Amino acid sequence: MIATPDRTPLPRNFFDRPVLEVAPDLLGRILLRTTPDGPIALRLTEVEAYDGQNDPGSHAFRGRTTRNEVMFGAPGHVYVYFTYGMWFCMNLVCGPEGRASAVLLRAGEIIEGAELARTRRLSARNDKELAKGPARLATALGVDRALNGTDACATGDTPLRILAGTRAPSDQVRNGPRTGVSGEGAVHPWRYWVDNDPTVSPYRAHMPRRRRS
């Protein structure tokens, strides 16, 4: 018999730890997205850690900017960025304020609200693909820059919250290089995923973008 996932919200001190501790600990946790159209709940199956100014792959590597300032704030907040001129991606800020580390939420299984997620992900061939990749995850959950800076640990109503869920067993957690990261940051094995889970996105190494002739 499958145990009912724990719906207790994760406290701020869960996120106030080194990002390499928080990232694998997020696997199996539940992301609850509340919208006017209804709630969607997602079990996290794949994440990536980004260690701020110690990490060449991080948006915060060169310091604070208007784009990344949320990363320098209090842990437990949501950092949303726009990429490739068309997609949003969602992160959770970790560590002490001013440290600028975050976990990118790469993939998950929709466990509640699949009907609503399908209306946002019409190209998905099945429910396993609804949130299979960071841009797909954000699209399925209706996440955009309007949610940048949201406090996922706030008391009362909040559009995003992380619930305890059922933590993935350590013997099912795998790690390896991060997807699409180039240069010195490519060597860090800071992508974590649940082994053999069908919602995990395929690994892709960085491919330099071709210049237009």
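See the structure above.
The paragraphs below set out a description of the structure included in this document. (Residues numbered from 1 in each chain as written. Predicted model: local features only at pLDDT ≥ 70, side-chain atom pairs only at ≥ 80, totals over all residues. Heavy atoms only, no water.)

## Some points on a nonpolar patch on the surface
No. 1: A cluster of nonpolar side chains, namely Tyr84, Met86 and Trp87, defines an oily patch on the protein surface of about 380 Å² accessible area.
No. 2: Among the secondary structure elements, Trp87 is positioned in strand E5 (residues 87–94). (Patch = residues over 30% accessible without salt bridge, like charges linked within 9 Å, V, L, I, M, F, W, Y side chains within 5 Å. Areas by Shrake-Rupley, 256 points an atom, 1.4 Å probe, with all protein chains shown as cover. Salt bridge = Lys/Arg side-chain N within 4 Å of Asp/Glu carboxyl O. Helix = DSSP H or I, 4+ residues; strand = E, 2+ residues; numbered from the N terminus.)

## Details of the nonpolar core
No. 1: Ranked by size, the top nonpolar core spans 44 residues in total, and within it Phe15, Leu26, Leu31, Val103, Leu105, Ile110 and Leu141 carry the most contacts.
No. 2: Here the element with the most residues in this core is strand E3 (residues 38–50); it accounts for five residues.
No. 3: Judged by nonpolar contacts, the second largest core, of 13 residues, contains Tyr79, Cys89, Val93 and Val181. (Core = buried A, V, L, I, M, F, W, Y, C linked by side-chain atoms within 4.5 Å. Buried < 20%, exposed > 50% of the residue type's maximum accessible area, 1.4 Å probe, protein only.)

## Some details on the layout of surface pockets
No. 1: Each pocket or cavity is described by its volume, and for the largest pocket that value is around 1100 Å³.
No. 2: Surrounding the largest pocket, 35 residues form its lining, Tyr84, Arg106, Pro134, Thr179 and Gly180 being those nearest its centre.
No. 3: Every element with two or more residues in the lining of the largest pocket is listed here: E3, strand E4 (78–83), E5, strand E6 (101–112) and helix H4 (134–141).
No. 4: Of the residues contributing to the lining of the largest pocket, the split by class is 15 nonpolar, eleven polar and nine charged. (1 Å grid on protein atoms, 1.4 Å probe; cavity = no way out; pocket = protein on both sides within 12 Å on 5 of 7 lines; lining within 4 Å. Points joined across faces, edges and corners; volume = space filled by probe spheres on them. Nonpolar A, V, L, I, M, F, W, Y, C, P; charged D, E, K, R; others polar.)

## As for the pattern of salt bridges
No. 1: All told, the structure shown has 17 salt bridges when counted by the stated rule.
No. 2: For Asp25, the salt bridge is made with Arg167, and the minimal N-O distance between the two is 2.9 Å. With Asp25 in helix H2 (residues 19–25) and Arg167 in the loop between strand E7 (160–165) and strand E8 (173–176), the pair connects residues that are 142 residues apart, well separated along the chain.
No. 3: Overall, Asp25 belongs to the buried group, its relative accessible area being 7%.
No. 4: For Arg106, the salt bridge identified is with Glu48, shortest N-O distance 3.9 Å. Taken as a pair, Arg106 in strand E6 and Glu48 in strand E3 lie far apart in primary sequence, 58 residues in all.
No. 5: For Arg106, a relative accessible area of 7% corresponds to the buried category.

## Here we look at the environment of Trp190
No. 1: Position of Trp190 among the secondary structure elements: in the loop between E8 and strand E9 (191–194).
No. 2: Separated by 167 residues in sequence, Trp190 and Ala23 have C-alpha atoms that sit 8.3 Å apart.
No. 3: Not counting residues within four places of it along the chain, the set of residues in contact with Trp190 comprises Leu20, Val47, Glu48, Ala49, Asp51, Asp55, Gly176 and Arg178. (Contact = heavy atoms within 4.5 Å.)

## Focus: the packing of aromatic side chains
No. 1: Within this structure, the stated rule accounts for three aromatic pairs.
No. 2: Look at Phe82 and Phe88: their rings are 4.8 Å apart centre to centre, the planes differ by 40°, and that puts the pair in the tilted class.
No. 3: Of the residues examined, Phe82 reaches a relative accessible area of 39% and is grouped as partly exposed.
No. 4: Lying across the ring of Phe14, Arg17 places its NZ or CZ 4.6 Å from the centre.
No. 5: Above the face of the Trp193 ring, Arg191 is positioned so that its terminal group lies 4.3 Å from the ring centre. (Phe/Tyr/Trp six-rings, centres within 6.5 Å; stacked < 30°, edge-to-face > 60°. Lys NZ or Arg CZ within 6 Å of the ring centre and 35° of its normal.)

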